[in-house]
Amino acid sequence: FFQKTLTAVKNWFTLFGWSTGQNPISIPYSLRRDLCKVHMNSSQEKASKQKLGKDNKTIYEMLSHLSGQYLPGISSKQSLPLDSAERMRQLHRECSALLSLLKSKGAYLPHVMPEFLLEPDAYKQWINVQTIPEAPELKKGDLKHSDTFSDKNLFILEDGVFETISKRAWTDVLLQIYKVFVLSHVSSRNIPDLSLESTQNIPRFKSEPLSSNIYSPHERTILTWLNKNYEKNRKTVWKNCQKGEVPPMRWIVNFDQDLLDGLVLAAQLAAYCPYLIATHFVRMYTNPRTPAQLLHNCLILVNAMRAVSLAIDIKV
């Protein structure tokens, strides 16, 4: 489940997270690599740019594109101090500032510590700076067995555990960035009141923040939009269906089970691209019962999305 979530997050931010178009990312590797950029002289910087090319973008540029702001006092182009201890302190300050900004916008990240966003070597150096500032370096075994850490709120993690924690932390940070800077743009004002008699019996979703412990007000607005478009268009889209009758009324209450047969999403596309009805949607099964029929519907849906250049890399 977490791997599928990570893949979906990676694909979305690769496609839509940057102002200059697609920028392939890997979670957490490319994000924390560019975050933990080191001070380079002119020749090193030139060589690095030739090697990394477009991949050398930081999460600060992503934030600027999605929210219109940089972290206060932090530039995406600034270099880090040459001194190892100062460099780690500055990196930790930047990560703390990133988390603080997201939390101030409504992100829920109590389990993510700034040090979890660093690269493994940087994490070890930061632990070393926090515990024994005068020591040049801690041996690997010292990180696990030293009792110097007993009075500090530090998580001393072995290499494998740190990688797992870091991957989860970065995934959750990106999910929260999506929540506070992208999903927050959804508003009930953007959905016209259809005022159709056929939609009057559809249960409405309450917009109050505490009315659901699963979905946010923005997500419930999207569910309302799905319900209205489906009920408005189902009789029109499948009036002349080749593989069944007009599908019955339904109440769409989630984003997984209720969308599996492709009919709800097809109704959304048909609302804006009615010309797809005759070329694609009339060939869908309106009461699919087998995996093959579900696959058939989703193949038609994905082909319809590609026909209108809706390139969001959705797999059947």
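It should be noted that the structure appears before, not after, this text.
Now for a description of the structure that goes with this document. (Residues numbered from 1 in each chain as written. Predicted model: local features only at pLDDT ≥ 70, side-chain atom pairs only at ≥ 80, totals over all residues. Heavy atoms only, no water.)

### With respect to the overall build of the protein chain
What counts, and what does not: Each helix corresponds to a stretch of at least 4 residues labelled H or I by DSSP, and each strand to a stretch of at least 2 residues labelled E; elements are numbered beginning at the N terminus. All accessible areas in this document rest on Shrake-Rupley with a 1.4 Å probe, and a residue is counted as covered only by the protein chains that are shown.
Helices and strands together make up the secondary structure of the protein chain, namely 12 helices and 0 strands. Its helices and strands taken in sequence order, the protein chain reads α-α-α-α-α-α-α-α-α-α-α-α from the N to the C terminus. Summing over all exposed atoms, the protein chain offers an accessible surface of approximately 18100 Å²; the carbon and sulfur share of this is 54%.

### Looking at a nonpolar patch on the surface
Selection criterion: Here the term patch refers to residues with relative accessible area over 30% and no salt bridge, with like charges joined within 9 Å and nonpolar side chains (Val, Leu, Ile, Met, Phe, Trp, Tyr) within 5 Å. In what follows, salt bridge is the name for a side-chain nitrogen of Lys or Arg lying within 4 Å of a carboxyl oxygen of Asp or Glu.
On the surface, a cluster of nonpolar side chains totalling about 300 Å² of accessible area is made up of Phe16, Leu310, Ile312 and Ile314. Position of Ile312 relative to the elements: it lies in the segment after helix H12 (291–307).

### Topic: the nonpolar core
What counts is decided by this rule: Working definition of a nonpolar core: buried Ala, Val, Leu, Ile, Met, Phe, Trp, Tyr and Cys residues. They are joined through side-chain atoms within 4.5 Å. Only protein chains enter the calculation, and the probe is 1.4 Å; a residue is then buried if its accessible area is under 20% of its type maximum, exposed if over 50%, and partly exposed in between. Contact between two residues is taken to exist if any of their heavy atoms lie within 4.5 Å; hydrogens are not considered.
Ile59, Leu102, Leu117, Val173, Leu174 and Ile177 are the most contacted members of the largest nonpolar core, which has 42 residues in total. A per-element tally of this core places helix H8 (residues 159–181) first, with 8 residues. What Leu117 contacts, discounting residues up to four positions off in sequence, is Arg32, Leu35, Cys95, Leu98, Leu99, Val112, Ala169, Trp170 and Val173. Ranked by size, the runner-up nonpolar core spans 25 residues in total, among them Val237, Ile252, Leu263 and Phe281.

### Here's the deal with the packing of aromatic side chains
This is how the line gets drawn: Two rings from Phe, Tyr or Trp (for Trp, the six-membered ring) form a pair when their centres sit within 6.5 Å of each other. Planes less than 30 degrees apart are called stacked, planes more than 60 degrees apart edge-to-face, and all others tilted.
According to the stated counting rule, one finds 7 aromatic pairs in the structure shown. Ring centres of Tyr123 and Phe162 lie 4.4 Å apart, and the angle between their planes is 25°; this geometry places the pair in the stacked category. Placement of Tyr123 in helix H6 (residues 120–131) and of Phe162 in helix H8 is noted, with a sequence separation of 39 residues between them. Side by side, Tyr123 and Phe162 carry an identical accessibility label, which is buried. Geometrically, the ring pair formed by Tyr215 and Phe255 is edge-to-face, given 5.2 Å between the ring centres and 85° between the ring planes. Of this pair, Tyr215 sits in the loop between H8 and helix H9 (217–237) while Phe255 sits in the loop between H9 and helix H10 (263–272), placing them 40 residues apart in sequence.

### Remarks on the pattern of salt bridges
Side chains that differ in charge, positive against negative, can pair when their charged atoms come close. All chains considered together, the criterion is met by 6 salt bridges. With its nearest N and O atoms 3.1 Å apart, the salt bridge here joins Arg33 to Asp34. For Asp34, a relative accessible area of 3% puts it in the buried group.

### Looking at H9
Our working definition: Expected span of a helix: the number of residues minus one, times 1.5 Å. A residue's bend is simply the angle between two axes: one fitted to the seven residues ending at it, one to the seven starting at it.
Between its first and last C-alpha atoms H9 spans 29 Å; for 21 residues at 1.5 Å apiece the expected length is 30 Å, and the two agree. The largest bend in H9 is about 30°, located at Glu231.

### Quick look at unusual backbone geometry
The omega angle of the peptide bond from Ile27 to Pro28 is 5°, so this bond is cis rather than trans. The residue Pro28 is located in the loop between helix H1 (2–16) and helix H2 (29–35) in this model.

### Description of the environment of Ile156
Within the secondary structure layout, Ile156 lies in the loop between helix H7 (140–145) and H8. A relative accessible area of 28% means that Ile156 is categorised as partly exposed. Residues Ile156 and Tyr123, 33 residues apart in the sequence, show an inter-C-alpha distance of 9.5 Å.

### Observations regarding the packing of H10 against H12
Our working rule: For helices, the axis comes from a line fit to the C-alpha atoms of the stretch in contact; other axes are also lines fit to C-alpha atoms, and the angle between any two N-to-C directions lies between 0 and 180 degrees. Just so you know how the angles are binned, under 35 degrees is roughly parallel, over 145 roughly antiparallel, 65 to 115 roughly perpendicular, and the rest oblique. Note: crossing handedness is left-handed where the near helix turns anticlockwise from the far helix by less than a right angle, and right-handed where it turns clockwise.
The N-to-C vectors of H10 and H12 enclose an angle of 25°; their axes lie 10 Å apart at closest approach. Regarding the angle of H10 to H12, the classification is roughly parallel. Like other packed secondary-structure pairs, H10 and H12 cross with a definite hand, here left-handed. Between H10, through Leu263, Leu265, Ala266 and Leu269, and H12, the contact on the second element is made entirely by Asn297, Leu301, Ala304 and Met305.

### Structural notes on H1
Three- or four-residue spacings in an α-helix give side chains the same orientation, since the helix completes a turn every 3.6 residues. Helix length check: H1, at 15 residues, gives a terminal C-alpha distance of 21 Å against a target of 21 Å (1.5 Å per residue), a fit within 8%. Three or more residues of H1 are buried, namely Leu6, Val9, Phe13, Thr14 and Leu15. Against helix H4 (59–67) and H8 lie the buried residues of H1.

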